[in-house]
Amino acid sequence: MRRGHKTRRIEMKLETINYQAHDSAEKFVQSLRDTGFGVLSNHTIDKSLVEAIYQEWQAFFNSPEKHDFMFKPETQDGFFPSEISETAKGHTVKDIKEYYHVYPWGRIPDSLRENILTYYQRANELAAELLQWVETHTPADVAVNYSIALPKMIEGSHKTLLRVLHYPAMSGDEELGAIRAAAHEDINLLTILPAANEPGLQVKTKDGNWLDVPCDFGNLIINIGDMLQEASGGYFPSTTHRVVNPEGADTSKARVSLPLFLHPKPEVVLSSRYTADSYLMERLRELGVI
Ligand SMILES: O=C(O)CCC(=O)C(=O)O
Ligand SMILES: [Fe+2]
């Protein structure tokens, strides 16, 4: 799947919302409701910290040291090489990516600890605030179904996952049909993602077109995952997205990105059908990573 069909910009547009504006909460939640995505500028996450993380982790992925941190299937922390990385739900070809799962309790290379854990903490603080925005702007008839307040669901959670993703430069012998990240939905409540160092992220609109997500460096991209869709009875849509391959001169460029997947504590009730734990286990089995 190459970038064959043109991205159209008509029916839907992702507005960038100024975090500092007086009506930012309302606008942000409206954007999540309409598109599954919200893009924030002027937020509290330091650009230079993100830049430093991109650089030092790119060097880590280019070094053989990564193999000393091979992930453990029981705990899911550590390095996931491209040979075993995800195949998106409903797809057969693996994504062209490798990644590292950072948990504060997990293994992290010493030289990378400080920046990544600082980021983990700051991004989680902002995330709690954004979940409060969502809570405040959820209609009462939807909010009655939240088993506890949304920010409470992630408070003290050991499951929230920071993934450092490395999409290598294209080698030319990628598997036919493989892309950097095939179309998928995220599993968790919300995903917080600083704009990556290269473009490629696209979101699927209601009428099936692919739209580029604004990727100005310094933007923060937030999207709804399946757990929030489940907890809100479908009011907040978990929107399909993907990362397309670069073309032309850009094929020689690697891409690094840093999604934080907010996961509730395992015992949190999402709906009459699922707890956070039962939901996650079902999805990880489908992904073939457990
Ligand atoms: O790399 C990106 O920009 C997005 C990655 C993503 O969607 C994911 O890992 O779930
Ligand atoms: Fe995703």
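Model, not experiment: these values are computed from the prediction.

**Focus: the overall build of the protein chain**
Per the secondary structure count, the protein chain includes seven helices and 13 strands. A compact globule built from 290 residues would reach a C-alpha radius of gyration of about 19 Å, and the protein chain, at 18 Å, matches this within 12%. In the protein chain, buried positions account for 35% of the 290 residues. Residue pairs in contact within the protein chain that sit at least 24 positions apart in sequence constitute 72% of those at least 6 positions apart.

**What to know about helix α7 (residues 276-287)**
Its twelve residues place the ends of α7 17 Å apart at the C-alpha level, agreeing with the 16 Å of an ideal helix rising 1.5 Å per residue. Taken residue by residue, α7 has Ala276, Tyr279 and Leu280 as its buried positions. End-on, the buried residues of α7 take up no more than an arc of 95°, which puts them together on one face. For α7, the exposed residues lying more than 90 degrees away from the buried face are Glu282 and Arg285. Buried-residue contacts for α7 involve α6 (226-231). Just beyond α7, the residue with positive phi is Gly288, at close to 80°.

**As for the sheet that holds strand β8 (residues 201-204)**
Read across the open sheet, the four strands follow the order β6-β11-β8-β9; overall the sheet is antiparallel. Each edge of the sheet is formed by a strand with only one pairing partner; in this case those strands are β6 (181-184) and β9 (210-212). The average angle at which neighbouring strand axes cross in this sheet is 25°, direction not considered. Sheet topology note: the β8/β9 ladder contains three bridges and is antiparallel. Looking at β9, one finds that Val203 is bridged to Leu211.

**Quick look at the nonpolar core**
Counting residues in each nonpolar core, the largest one holds 70 residues, and the members touching the most others are Phe37, Ala127, Leu190, Ile192, Ile221, Ile222 and Met227. Per element, the largest residue contribution to this core is eight residues, and it comes from helix α3 (residues 110-136). Apart from the residues lying within four places of it in its own chain, the contact partners of Ala127 are Ile154, Leu190, Ile192, Leu260 and Leu262.

**Regarding unusual backbone geometry**
In this model, Asn42 sits at a positive phi of 60°, which is unusual for a non-glycine residue. Of note, Asn42 is situated in the loop between β2 (37-41) and α2 (47-61). Residue Asn42 is classed as partly exposed on the basis of its 14 C-beta neighbours within 10 Å. Look at Gln76: it is not a glycine, yet its phi comes out positive at around 65°.

**Some details on the site of ligand 1**
As a structural note, the neighbourhood of ligand 1 is formed by Arg163, Leu165, Ala181, Asp186, Leu193, Ala196, Leu201, His241, Val243, Ser257 and Pro259. Secondary structure elements with two or more residues in the shell around ligand 1: β5 (161-167) and β11 (241-243). Looking at the shell around ligand 1, its residues break down into seven nonpolar, two polar and two charged.

**Observations concerning the pairing of β5**
The element β5 is extensively covered by neighbouring structure, given that six of its seven residues are classed as buried. Sheet analysis places strand β4 (residues 98-102) next to β5, joined by five bridges and oriented antiparallel. Of the residues in β5, the one forming a bridge with Glu98 is His166. Note: β5 against strand β13 (residues 260-261), two bridges, orientation antiparallel. Residue pairing across strands places Leu162 opposite Leu260, the latter belonging to β13. Pairing of β5 with strand β12 (residues 255-257), which is carried by three bridges, proceeds in the antiparallel orientation. Within β12, the position partnered with Leu165 by the bridge is Ser257.

**Things to note about the environment of Ile96**
Following the sequence through the fold, Ile96 ends up in the loop between β3 (78-80) and β4. The exposure class of Ile96 is buried, given the 20 C-beta atoms found within 10 Å. For the pair formed by Ile96 and Asn245, sequence separation is 149 residues and the distance between their alpha carbons is 8.9 Å. What Ile96 contacts, discounting residues up to four positions off in sequence, is Ser82, Tyr167, Glu174, Ala178, Ile179 and Arg180.

**Some details on α2**
The end-to-end C-alpha distance of α2 is 21 Å, a good match for the 21 Å that 15 residues give at a rise of 1.5 Å each. All of the buried residues in α2 are Val50, Ile53, Tyr54 and Trp57. Take α2 and look down its axis: the buried residues cluster within an arc of 100°, on one side only. Among the exposed residues of α2, those pointing more than 90 degrees away from its buried face are Ser48 and Ala59. Where α2 is buried, its residues touch α3, β5, β7 (190-194) and β12.

Cut-off values and rules
- Residues numbered from 1 in each chain as written.
- Chains lettered and ligands numbered in written order.
- Predicted model: local features only at pLDDT ≥ 70, side-chain atom pairs only at ≥ 80, totals over all residues.
- Helix = DSSP H or I, 4+ residues; strand = E, 2+ residues; numbered from the N terminus.
- Rg over C-alpha atoms; globule rule 2.2 N^0.38 Å.
- Buried ≥ 20, exposed ≤ 12 C-beta atoms within 10 Å, placed from the backbone.
- Contact = placed C-beta atoms within 7 Å.
- Expected span 1.5 Å × (residues − 1).
- Arc of directions from axis to C-beta.
- Pairing = 2+ DSSP bridges.
- Axes fitted to C-alpha atoms, helices over the stretch in contact; angles between N-to-C directions.
- Core = buried A, V, L, I, M, F, W, Y, C linked by C-beta atoms within 7 Å.
- Near = placed C-beta within 6 Å.
- Nonpolar A, V, L, I, M, F, W, Y, C, P; charged D, E, K, R; others polar.

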